[in-house]
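Inside the fold
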Amino acid sequence: MKVVLLTVLGALCVLTEGAHILPQKDFDLQRFAGKWHRVGLAYNSDWFRQYRDSLKISVGVLVPTETGSVNVTMWQLKSSGCHSITFLYEKTDTPGHFKYFSTRSNALKDITIVDTNYDEYALVLKTNPTGNTQVAMYGRKQKLRAELMEKFKAFSLAQGVPEDSIVIPLAAEDCP
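Residues numbered from 1 in each chain as written. Predicted model: local features only at pLDDT ≥ 70, side-chain atom pairs only at ≥ 80, totals over all residues. Heavy atoms only, no water.

**Notes on the overall build of the chain**
Condition: Helix and strand definitions here come from DSSP, where helices need a minimum of 4 consecutive H or I residues and strands a minimum of 2 consecutive E residues; each element is numbered from the N-terminal end. Here the term buried applies to any residue with accessible area under 20% of the maximum for its type, exposed to any over 50%, and partly exposed to those in between, with areas from a 1.4 Å probe on protein chains only. Any two residues whose heavy atoms approach within 4.5 Å are treated as being in contact.
From N to C terminus, the chain includes three helices and nine strands. Residues classed as buried in the chain amount to 40% of the 176 residues present. Long-range contacts, defined as pairs at least 24 residues apart, comprise 53% of the intrachain contacts of the chain with a sequence gap of at least 6.

Rendered as structure tokens:
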């Protein structure tokens, strides 16, 4: 019995450690800066499903600060016009990993740049202490290659996001 219990506990430790996603190796913030289109969004929160059919591609601009943090401005075209919101992604000791305080969810969120080639796409993971997980696929253009979108979907599913909560937003006019 003792051996079985220790084996199960050991397996749980390995699974928990394996669940931690590391940022892209040798992440380069200066190359990552600039304009990105959010072309894929996945969220494990139930409230997200009600908005999935109305989502449109949004645009973000990332500007590094002198301290290594990032000012992020996101624009979204709504029926009332172009709306923007700005966040500060605070630098951590690990390149490609940031934190920011979300006033909407009143929680500190972790942002991990999982994979990027800087010129075409970026796969980003956001998590918070309540267990919510958001995966986003960004592109320098509004349309990415099919294999990159499949990569986004597979990664989202691996993070526990239900298939019906993985969305490819509708194309939108650039805003601003």
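**Digging into the pattern of salt bridges**
Test applied: Any carboxyl oxygen of Asp or Glu within 4 Å of a side-chain nitrogen of Lys or Arg constitutes a salt bridge here.
For the structure on display, the rule yields eight salt bridges. The salt bridge involving Asp-46 is made with Arg-49; its shortest N-O contact spans 2.9 Å. Asp-46 gets classed as exposed once you look at its relative accessible area, which sits at 59%. On the basis of relative accessible area, Arg-49 is assigned to the partly exposed category, the value being 29%. The residue Asp-110 makes a salt bridge to Lys-99 at a minimum N-O spacing of 2.4 Å.

**Some words on the pairing of strand β2 (residues 58–64)**
Regular strands place side chains that alternate from one sheet face to the opposite one. The cut-off we apply is this: Whether two strands pair depends on DSSP finding at least two bridges between them.
With five bridges connecting them, strand β1 (residues 34–43) and β2 associate as antiparallel partners. When the sheet's bridge partners are listed, Lys-35 is paired in β2 with Val-61. With six bridges connecting them, β2 and strand β3 (residues 70–78) associate as antiparallel partners. Among the inter-strand pairings, Pro-64 is bridged to a residue of β3, identified as Val-70.

**Here we look at the packing of aromatic side chains**
The description of an aromatic ring pair uses the distance of the two centres, along with the angle that the planes make with each other. Quick note on the threshold: For Phe, Tyr and Trp, rings pair up if their centres lie within 6.5 Å, where Trp contributes its six-membered ring, and each pair is then called stacked (planes under 30 degrees apart), edge-to-face (over 60) or tilted (otherwise).
Scanning all chains against the criterion turns up 12 aromatic pairs. A ring pair is formed by Tyr-43 and Phe-48, whose centres lie 5.7 Å apart and whose planes are at 50°; its orientation type is tilted. For Phe-48, a relative accessible area of 4% translates into the label buried. Between Trp-47 and Phe-48, the ring centres sit 6.4 Å apart and the planes meet at 85°, which makes this aromatic pair edge-to-face. Members of the aromatic cluster, connected to one another through ring pairs, are Phe-27, Phe-32, Trp-36, Phe-87, Tyr-89, Phe-98, Tyr-100 and Tyr-118.

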